[in-house]
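Here is how the chains run, residue by residue.
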Amino acid sequence: TPVAVISACVEDALPGSTADIRDNLDTIKDEAERMKRMIAQLLMLSRGYEGHCHFEPEQINLFDMADSVSEELKSAAEHEKITIHNDIDRALEVAVDQNLMTQLFVNLLGNAIKYGKAGGNVWLNASTRKSEVQIDIADDGIGIGQEDQLHIFDRFYRADKARDRSGSGLGLAIAKWIVEMHRGKIFVESCLG
């Protein structure tokens, strides 16, 4: 509620403001939106770890779900001239909570785009072994150093603190929780560059 009040007051003040004041109000508006996203992510994690999250697995087509998320993130990818390749088998069906799995893909694909290189690629793939599915999301971006790999799934950890303030350090912690809710494991393989 406090963030909603801040956002509403900024929206009311913007139309009649001078250019200098408008710049400050735009900054307040952007930071309030960032804070709202961070609070929503913290609430999701908190409810999840307390067992208060609604978990409803259903059969979904993994290719279609990944394609839908790719389409949602298409403008961000195009802005960086990054191509998303969905190489998941079009017939692969999985029993997952669709809302949580969509959030997982948004977080992981979003990171791959955010830390990708201009003109680069992001690849989605999946393979099955017995009753398990392994999902791979790969990119040819900046990579993650060995030391950072130990902490990237920790809450509030951000490997590249100097470059980007838009993240909260919660996306990969949420990804880990979602994977664990599906009785899976998440890991990273990378090197700088």
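Relevant structure appears above.
Description of the structure in this document.

Rules and cut-offs
- Residues numbered from 1 in each chain as written.
- Predicted model: local features only at pLDDT ≥ 70, side-chain atom pairs only at ≥ 80, totals over all residues.
- Heavy atoms only, no water.
- Axes fitted to C-alpha atoms, helices over the stretch in contact; angles between N-to-C directions.
- Helix = DSSP H or I, 4+ residues; strand = E, 2+ residues; numbered from the N terminus.
- Left-handed = near helix turned anticlockwise from the far one by under 90°.
- Contact = heavy atoms within 4.5 Å.
- Nonpolar A, V, L, I, M, F, W, Y, C, P; charged D, E, K, R; others polar.
- Pairing = 2+ DSSP bridges.
- Parallel < 35°, antiparallel > 145°, perpendicular 65-115°, else oblique.
- Core = buried A, V, L, I, M, F, W, Y, C linked by side-chain atoms within 4.5 Å.
- Buried < 20%, exposed > 50% of the residue type's maximum accessible area, 1.4 Å probe, protein only.
- Salt bridge = Lys/Arg side-chain N within 4 Å of Asp/Glu carboxyl O.

## Some words on the packing of helix 5 (residues 98-114) against helix 7 (residues 171-181)
Point 1. One way to put it is that helix 5 packs onto helix 7 with a least axis distance of 9 Å and a crossing angle of 140°. The handedness of the crossing between helix 5 and helix 7 comes out as left-handed. Where helix 5 approaches helix 7, its residues L100, M101, Q103, L104, N107, L108 and N111 are matched on the opposing element by G171, L172, I174, A175, W177, I178 and V179.
Point 2. Residues belonging to the contact of helix 5 with helix 7 are distributed by class as follows: 10 nonpolar, 4 polar and no charged.

## Regarding the sheet that holds strand 5 (residues 132-139)
Point 1. The 3 strands are arranged 2-4-5 in an open sheet whose pairing can be described as mixed. Because the sheet does not close on itself, it has two edges, and the strands there are strand 2 (83-86) and strand 5. On average, each strand axis in the sheet is tilted by 15° relative to the strand beside it, whichever way the strands run.
Point 2. Where strand 4 (residues 121-129) and strand 5 come together, 8 bridges link them in antiparallel fashion. Each residue of the ladder has a partner; that of S127, found in strand 5, is Q134.
Point 3. Strand contacts of helix 3 (residues 62-72): strand 2, strand 4 and strand 5, with the helix running at about 170° to strand 2, the strand carrying the most contacts.
Point 4. Together, strand 2, strand 4 and strand 5 form the strand contacts of helix 5, whose direction differs from that of strand 5 by roughly 25°.

## Some remarks on the packing of helix 3 against helix 5
Point 1. Remark: helix 3 packs on helix 5, axes separated minimally by 10 Å, with the N-to-C direction vectors making an angle of 50°. Classified by the angle between their axes, helix 3 and helix 5 sit oblique to one another. Considering only the axes of helix 3 and helix 5, their crossing is right-handed. In contact with L62, M65, A66, V69, S70 and E72 of helix 3, helix 5 contributes M101, T102, F105, V106 and L109.
Point 2. By residue class, the composition of the contact of helix 3 with helix 5 is 8 nonpolar, 2 polar and 1 charged.

## A word on the nonpolar core
Point 1. In this structure, L62, I88 and F105 are the most contacted members of the largest nonpolar core, which totals 29 residues.
Point 2. The set of elements that each furnish at least two residues to this core consists of helix 3, strand 3 (93-96), helix 5, strand 4 and helix 7.
Point 3. Examining the composition of this core, we find that 7 residues originate from one element, helix 5, more than from any other.
Point 4. Apart from residues no more than four positions distant in its own chain, I88 is found in contact with L62, F63, A66, F105, L124, N125 and A126.

## A look at the environment of C191
Point 1. Looking at where C191 falls in the secondary structure, it is placed in the segment after helix 7.
Point 2. Classification of C191 as exposed rests on a relative accessible area of 53%.
Point 3. Distance from C191 to I144, taken between C-alpha atoms, is 5.3 Å for residues 47 residues apart in sequence.
Point 4. Aside from chain neighbours lying at most four places away, what touches C191 is I142, G143, I144 and Q149.

## Some points on the pattern of salt bridges
Point 1. Tallying each qualifying case throughout the model produces 3 salt bridges.
Point 2. For the salt bridge of E11 with K29, the shortest nitrogen-to-oxygen distance reads 3.2 Å. Here E11 is found in helix 1 (residues 2-13), whereas its partner K29 is found in helix 2 (residues 19-49), with 18 residues between them in sequence.

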